Structure formats: structure tokens, C-alpha cells
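Observations on the model geometry
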There are 2 protein chains.
Amino acid sequence: MDRSGKTGSARAKRTNPGPAHDPGAIDTLNKGIGLLEQPIAHGEIVRRGWNLLREDLTLPAAVLYEEALQHNLEWMRRFTAAYGARLAPHGKTTMAPRLFAMQLAAGAWAITLATAHQTQVAYAHGVRRVLMANQLIGKQNMAIVAGLVRDPEFEFYCLIDSAEQVDQLGKYFSQCGARLNVLLEVGVAGGRAGVRNPEQLQSILEALGKWSHAIALCGVEVYEGVLDDEAAIRAFLLHAVAVTKEIAAKKCFQRTPILLSGAGSAWYDVVAEIFSSRDFEDAVEVVLRPGCYLTHDVGAYRKAQDRILESNSVARQMGAGLKPALQVWAYVQSVPEADKAIVGLGRRDASFDSGLPVPALYFRPGSATPQPVPPHWIVTRMMDQHAYLQIAANDDIRPGDMVAFDIAHPCLTFDKWRVLALVNSAYDVVDLIQTFF
Amino acid sequence: MDRSGKTGSARAKRTNPGPAHDPGAIDTLNKGIGLLEQPIAHGEIVRRGWNLLREDLTLPAAVLYEEALQHNLEWMRRFTAAYGARLAPHGKTTMAPRLFAMQLAAGAWAITLATAHQTQVAYAHGVRRVLMANQLIGKQNMAIVAGLVRDPEFEFYCLIDSAEQVDQLGKYFSQCGARLNVLLEVGVAGGRAGVRNPEQLQSILEALGKWSHAIALCGVEVYEGVLDDEAAIRAFLLHAVAVTKEIAAKKCFQRTPILLSGAGSAWYDVVAEIFSSRDFEDAVEVVLRPGCYLTHDVGAYRKAQDRILESNSVARQMGAGLKPALQVWAYVQSVPEADKAIVGLGRRDASFDSGLPVPALYFRPGSATPQPVPPHWIVTRMMDQHAYLQIAANDDIRPGDMVAFDIAHPCLTFDKWRVLALVNSAYDVVDLIQTFF
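Throughout this description, residue numbers start from 1 for each chain and increase along the sequence as written. The order in which chains are written sets their letters, starting at A; the order in which ligands are written sets their numbers, starting at 1. Local features in this predicted model are restricted to residues whose pLDDT is 70 or higher, and side-chain atom pairs enter the listing and the counts only when it is 80 or higher, whereas totals over whole chains, interfaces and linings include all residues. No hydrogens and no water enter the side-chain calculation; it runs on all heavy atoms of the structure.

**Some remarks on the packing of helix α5 (residues 116-124) of chain A against helix α6 (residues 139-149) of chain A**
Residue and element names in this part refer to chain A.
- The interhelical angle for the contact between α5 and α6, taken along N-to-C directions, is 30°, at an axis separation of 9 Å. Here α5 lies roughly parallel to α6, going by the angle between them. Crossing of α5 over α6 shows left-handed handedness. Of α6, the residues touching α5 (which contributes A116, T119, Q120 and Y123) are N141, I144, V145 and L148.
- Residues that form the contact of α5 with α6 fall into these classes: five nonpolar, three polar and no charged. Helix axes use the C-alpha atoms of the stretch in contact, all axes being lines fitted to C-alpha atoms, and the angles between their N-to-C directions lie in the range 0 to 180 degrees. Under the scheme used here, helices are H or I runs from DSSP no shorter than 4 residues and strands are E runs no shorter than 2 residues, and both carry numbers assigned from the N terminus. Every angle not falling under 35 degrees, over 145, or within 65 to 115 is termed oblique; those three ranges are roughly parallel, roughly antiparallel and roughly perpendicular. Here a crossing is taken to be left-handed if its near helix is turned anticlockwise relative to the far helix by less than a right angle, and right-handed if that turn runs clockwise. The criterion used for residue contact is that any of the two residues' heavy atoms lie within 4.5 Å. In this count, Pro and Cys sit with the nonpolar residues alongside Ala, Val, Leu, Ile, Met, Phe, Trp and Tyr, while Asp, Glu, Lys and Arg are called charged and the others, Gly among them, polar.

**Focus: helix α6 (residues 139-148) of chain B**
- The element α6(B) is largely enclosed, with a buried count of eight among its ten residues.
- For each residue, the accessible area found with a 1.4 Å probe, counting protein chains only, is set against the maximum for its type, and the residue is called buried under 20%, exposed over 50%, and partly exposed in between. Taken as a whole, α6(B) has its buried residues at Q140(B), N141(B), M142(B), A143(B), I144(B), V145(B), A146(B) and L148(B).
- On its buried side, α6(B) packs onto β12 (326-337) of chain A together with α5 (116-124), β7 (155-160), α7 (163-175) and β8 (180-185) of chain B.

**A few points about the pairing of strand β3 (residues 61-65) of chain A**
- Counting buried positions over the five residues of β3(A) gives five, a clear majority of the element.
- Of the two faces of β3(A), the one holding A61(A), V63(A) and Y65(A) and the one holding A62(A) and L64(A) are both buried throughout.

**As for the interface of chain B and chain A**
- Taken residue by residue, the interface counts 83 residues in chain B and 83 residues in chain A.
- Once two parts are brought into contact, the accessible area they lose, counted with a 1.4 Å probe and summed over both, makes up the buried area. Counting the surface lost from both chain B and chain A, the interface buries some 6,600 Å², and carbon and sulfur atoms represent 50% of this.
- Broken down residue by residue, the surface that chain B buries against chain A is led by L29(B), R348(B) and R418(B), which jointly contribute 12%.
- The salt bridge criterion pairs a side-chain nitrogen of Lys or Arg with a carboxyl oxygen of Asp or Glu, the two atoms within 4 Å. Across the salt bridge formed by R196(A) and E337(B), the nearest N and O atoms sit 2.7 Å from each other.
- Polar contacts, as counted here, are pairs of nitrogen or oxygen atoms within 3.5 Å of one another; within protein the pair requires one atom able to donate a hydrogen and one able to accept it, and residues that are adjacent in sequence qualify only if both atoms are side-chain atoms. Counting across the interface, chain B meets chain A through 51 residue pairs in polar contact (both at pLDDT 80 or more).
- At the level of secondary structure, the elements contributing two or more residues to the side of chain B that touches chain A comprise α5, β6 (129-135), α6, α7, β12 (326-337), β13 (340-343) and α13 (411-414) of chain B.
- In terms of residues, the side of chain B that touches chain A owes the most to one element, β12(B), which gives six residues.

**Regarding the relation of the copies chain B and chain A**
- Least-squares fitting of one copy onto the other uses the C-alpha atoms of those residues that reach a pLDDT of at least 70 in both copies. Overlay of chain B on chain A (RMSD 0.0 Å): rotation 180°, translation along the axis 0.0 Å. One copy is carried onto the other by what is essentially a two-fold rotation axis.

**Details of the packing of helix α3 (residues 66-82) of chain B against helix α4 (residues 97-105) of chain B**
Residues and elements named next belong to chain B.
- Where α3 contacts α4, the axes come no closer than 10 Å and their chain directions differ by 45°. In terms of orientation, α3 lies oblique with respect to α4. Read as a crossing pair, α3 and α4 show a hand that is right-handed. Residues L69, Q70 and L73 of α3 pack against L99, M102 and Q103 of α4.

**Considerations on the sheet that holds β8(B)**
Residue and element names in this part refer to chain B.
- Strands qualify as paired when DSSP identifies two bridges or more between them. Read across the sheet, eight strands follow the order β4-β11-β10-β9-β8-β7-β6-β5 without closing on themselves; strand pairing throughout is parallel. The open sheet terminates on both sides in strands that have one partner only, identified here as β4 (86-87) and β5 (111-113).
- Sheet topology places β8 next to strand β9 (residues 215-221); six bridges connect them, and they run parallel. Pairing of E185 across the sheet is with E221, part of β9.

**With respect to unusual backbone geometry**
- A cis geometry characterises the amide bond from T256(A) onward to P257(A), with omega recorded as -5°.
- Structurally, P257(A) can be placed in the loop between α9 (230-249) and β10 (258-262).
- Non-glycine residue N394(A) carries a positive phi angle of around 75°.
- Within the element layout of this structure, N394(A) appears in the loop between β17 (387-390) and β18 (402-406).
- A relative accessible area of 80% means that N394(A) is categorised as exposed.
- One non-glycine residue, Y427(B), lies in the positive phi region at around 70°.
- On the secondary structure map, Y427(B) appears in the loop between β19 (419-423) and β20 (429-434).

If you want it as C-alpha cells, here you go:
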């Protein structure tokens, strides 16, 4: 394995995604974009001169704000740099290769993904280093990865957590003469995947011994987000450090530096602090994997960010924290009762699992500029295609008015959209961002 | 307006969806399909000889069962025929034009949709009669519809429920010289859109009077699914009948027969019974709009179907009721604790808002045939990409095993997939069904 040397060259020499997929074409049949007579390329959209407030988009539409995205990219770049950590943003959040490219351009070391399918999408759009923070399972999924890792420019890691799984991978990758890099997932009782005890670990190391020509153990991975108590998370992270040292002492890693990776979008500060402050005998590369920082939200991740800004010394010195960069805009379609408006925004358009959308801006087409909504406007219910908006009698609101909603869970909002509009501060549409779920 | 004559010819002369969209091409980057080197046409898939149990699909994958779909199509055809009602299945459930075509071939009169975007998708795939069971709002949405209704073969209805909205539609359609068919939505206090009282109705009829050259009132629509009490639903439906008679007496309808439409997927029996048994002075065409009957589920709609089979005399005489026709298959990826397996199936893959997926079938690749899962297997939690499956110590389950899950809400499962596999009883993939959300 070409270790750190490969790392540099893979970034420098991204190859063409190939003829099978044209990443530039926007289908005319995607919701949330304007009337298109024929598929449009990314570059063309600016020339159309579309503007959200001039009603050039069909609502509902998902809107990304360019300035907030750039702010968040720079914020996380500085934060991870302060800890000397690598950033591998979780791409499952957006599944938008244009956003992956922005993250890589802002210094990300790799893109984290969850499945072989997601890895294939990233590769097809030029991503050349992927941490698949999941077990690789099944014939076709292995076939996808085996095909990709034949490209010497492509660096890939996935997880193992059982001897049975190592044997399945070993057989497959031996047979096709490919080599697979893996990280050991360390889990926690009551959590998700990952080894729980020394017996499981020992059996995995023995299985790896049988397949060392095909499977290379490169490091250790945890996902601390299965816990929600800080003390338990700290203990879990220290356990992962201890397991890493134990495997290193047994000389079972086949990569230098050893990779040590953790962090969802809520506890990356604690992971950065603990992983980067341990003394290891061997060189260790710490990789953080938050995904939701890019668009942020007004739900669980805002609460997490409040905690980080309060308790983390690096974050405290950085000024403004992450900014919400994603909203869904929709039309008021009916005001059937004095205290209720019905909005054309549903479970088909925005996440509802971590809190309902929060109305933020109000705009009547033809008026000058969007206004903050009154604080008493609240979404009380969401159906597949509709939201119930609680208002007050005599509020100035009518069918055709536009309302922008902050959302509470970016992952389950992005996956409702095949195209999102990227707008500048004047609400001009400067790009269309495609997703591949 | 060319009334019932148009109805017949529109069905007979479906035109080509046009050059802007190729409905046949399946992108290589969709999840849940096998390895594809280049886009594939529908017709090609059979020749590939893919089989689900031979692991030719990448899991997770959403799977439709051909025999159950055909059973459900025939069941609903017979049910609505027994009441002399028209069927306009709600297409928002699947957003799959191939399934729309199956529904039309099985006698559906129209496809119901919720938005201008969805209407555009259906039109592009050859659907020539659409009931948009929603208010049409906003410049681009009106532009989409105005473009489509220029086709004399295309018959379209949408909803109105306020004078303000009628004025907006009237201005737009007058200006562009197009004509729009509308149904009056009758609502209920505490419900969604729709007129609540005689004053609202009167103001709408006055507004319609101003725009009679551009807006044609063709009937009345309700969505009884905002209520969940049968007595309240019956009262609401009778109110809609009374409103229809009142408007007919005022000679305000511009269509013969008058359209009277109701019914989501839970109460279509009650709607059919009440609407088809009333005496009207004028000819009335009853249109039912269930959507979930096609795939059915094991959640709310199974409960609804149980009630229908028990209480509705037509359904009782029809033998077997609707059958679940949609499952999501996934791999076991880890068995980290004796009583817990982690499955590669998450909120990204299946609905979770009306109940978590229910494990139904278990299959170890290489074995003969899928087996029913033990009754103690239960999904206890779902994250974005993972499900926690409760098992018992010593259950024979390991990474790489396949599990099929019934789902509890088809609408929010379909929208997780851009392609679903249609399989026959031998699990051969006989088609790929694309969605357009």
C-alpha cells in the first residue's frame, strides 16, 4: 500500500468520472426548479437570471444560502486545523457532489459515506478518498467497491466488526485479487455496530491474520453519537484510544500513520479534544466526520452547537458559530380559518423527525424584501404535502404569500430533493445543486 | 368546454410525452439496483436475468411484487365498479409513471396528484387526465399548468377554496388566454383547506362570476381523511352533498355531469357508499382517490382495510382483501450483542412516521427459499442508515443474511427510492420502476 504518498497524489490527480454519467444535466422533471423546456447544465443556470423573490422557482423549493455555506466551510476548516485533525465530512447528509467538491476545496481530507452506493456516486463525481463509516456487506456492494479500488488513485476505507464479516470480505477480495483497507469499529453496549469485548476483538485479529494479503487493517473507528451523555462519550472515546494502543502494540496495523476516526455532528469537539491530546507510541492521524455542519439546522444541531460554543475553548475564540444555510420555501395556499393557514410544504419536502419546520421569513410577491415572521407563527402539523401554520386572526397573510422555513434535520430534508437552488444574498439563483440518493 | 366527449377522446388518443424526457433510461447511480456500466432501458432489464435471491441487487433495495400489485389493481377496479364510481388513484403515493400506466390500464379514469410538478411528471409520461386535489398557487406552478392545458387532449382539474385564490387564477389564466377547470374544496372546522361556511362559499361564487371565461367550476371535492371518526366523516360527506346540490340549484357548475370527489386510502368505502347513494337532480360523476391500495401496507392502511372488510358489504363479497406489495430488503451487517442485530436499513430507505418497518422474511444467500422471520424479531430503533433488530440469543443470524421488511406507510417509502425492482413470484427482476419526486 502506497501510504502517505498516495494520499497526496490522489488529491492532485482526480480523474474524469467517465462517460457513464453526466453530472451536469438537470432533469426538467425535478421539483423545486423553474420551468425548463429541456435539461440544463449547471453553468447555464446563472445566465437564466432566476430570482427566488421574483417567483422564478416552483415552490416548494429547497434553498441553500451561499454565504452561510462558505461561512460554515471556513468555520469547520479552522476548527479541525486547530486540533491538527483531518476532516472527512459525512456526505450522506447531502449526497450532493457539488457540495462534496466545496468541502474538499475547503480542505477536507476525504468524504465519509455510509454505503457502497454512496461511494459509487462520490467516485463518479471525482471524489478520490472515501471513508465508508459502515460495514461492507453483500455481493453487489462488494463488487462495487472492488471495481473502484482497482483505480490506484482511489483511496478507500470501510469498517469491520466481526470475524464472520472479515472472512466474507477476505474470500471476496482474495478471489478478485483486490485489496481492501479496513478500520476496526469499536462499539459500546446498547449502541450500534462495533466490537464490544476482548473476545470479539481477538477473533477479528485472528481472522485478519488469515486474510492479510487481501484485507489491510488501517486504524480504529467509533461513532460516539449512539450515546448522548458527555461522560459516557468521554469514557467510550478513551476506550477506543486504549484499543488502538493495544492493536498497535500487537503490530496489527498495516498503515502508517494509524487512522483514528470518530465524530458525528454533535460531539466533534469532544472527539477532537480527546483523540488529539493522547500520547501514542506510533504516528496517528485523527479523522473527524461531522456532516451537518455544512448547512447546520435549528434543531438538535443548534443545541449541540450552543454547547460547543459554550464549553470548547477553540470554538469560543472563533466568533460567530455555524449558520443555518438551508431553508425550504413554500406558498400559503389557503387561510380557511382566522387562526390557521395551510402551506404547500409537507413530509415530502422537509424533515419532521427531529422537530417540525420553523417559519422564519415571510414575503409577499411584489413587495420589497422578506420580513421575519411574527413569533406566534408555528407549524402545528405536517401531512405528506401540507403544513398547518398557526397564525392569529387579522394577521396579514393570504394565498400566494411565500414563507421560508428553517428545518430541524438536514439529512432528512436533503433526501426529499433531487435539486436544490443555491442563492446569493440577493436571492439570485447562482447554481442548482443535484443530489444522488 | 368539451365535456363528456373530451373525456372519451382524451383516453383514446394519448400522445407522446415529447422529446424533453426519456422515461426509459435508468441512471447507473440509483441505489438499490445492481451494477450497471451504463444507463439501461426498461426493456433491457429482463434480459439481464437478475434475481433478488441470487444477490443481483445492491441492498438495501425496495421491491414490488407483481402478483400482489395485480391483485390489488383488480380488487379496486371491482370495488369502484360495484358503486359505479370513477377511480382516480392518488399518484403522489408512488410518483411512478409505470404504476400510473398500470392503474390506467386497470380502468382508472384519471390520476390524482397534489402539485403542478407532479402533474408535469404525469403528463410527460403520457397521462392525459389529472385531478390535482390541491389549490394551484404561484406564478411558476400556474405557468406549468397553463402550458399543459393548451393540449386539447389533456383534461385537468384543480381546487379552489377562496375568492382571493380565484382572483389570482382568473387574472393569470385570462392573461394567457387559457381556461382552467376547478372543483370547489369543501373543508371542515379543524381540518385542512376548503371552505368552512356559507359566507366563504358566496364570495367564491361571486369571484367565479367575474372570471367565468377563464375558470370553469366543474364540481366539488372533499378530503375526509382529515377526520378520523366515522360519524364525523359521514356528516362531513353529507354536508358536501348538500353544498353540491346548493351550487347545482344556482346553476353555477359548468360541467355535465358534475364531478363529486372524495376519499383517501382509509375511508373510500364510506365515501363510495354515501356519494353514490344520494339523489341528485343533475347527473353526477363520483370520483374516488385512494392511493395506497396499490401497494397496501402493514400499518394504518391494514387497519383501515380490516374495518372495510368487516363493515362494507361489497368488500365482504370480494374474498381476499388488499395485499402488501412493497417490501424493503436489507442485509444484516452486524450482530454485536446476543440479542441485537444491526441491519443496513434506515430512515433513508423506509417510512418511520406511522410505525417502524416490520421484519417479514429471512434469507441466507445460497439457501433454498426465504422463510418467515421468528415473531420475536422486532425493529426497535431506526437511524438514518441503520435499523436495530431485536433478536434472541442463539438465533441463527449473521452478517450477510437478507431480511425483507414490510413497511407501514407506502408514501414515505416510495419517496426514498428513485428506482424500485418489480419481481415475480420467483424473485426474478422483471422491471425497474422509476419514481419522480
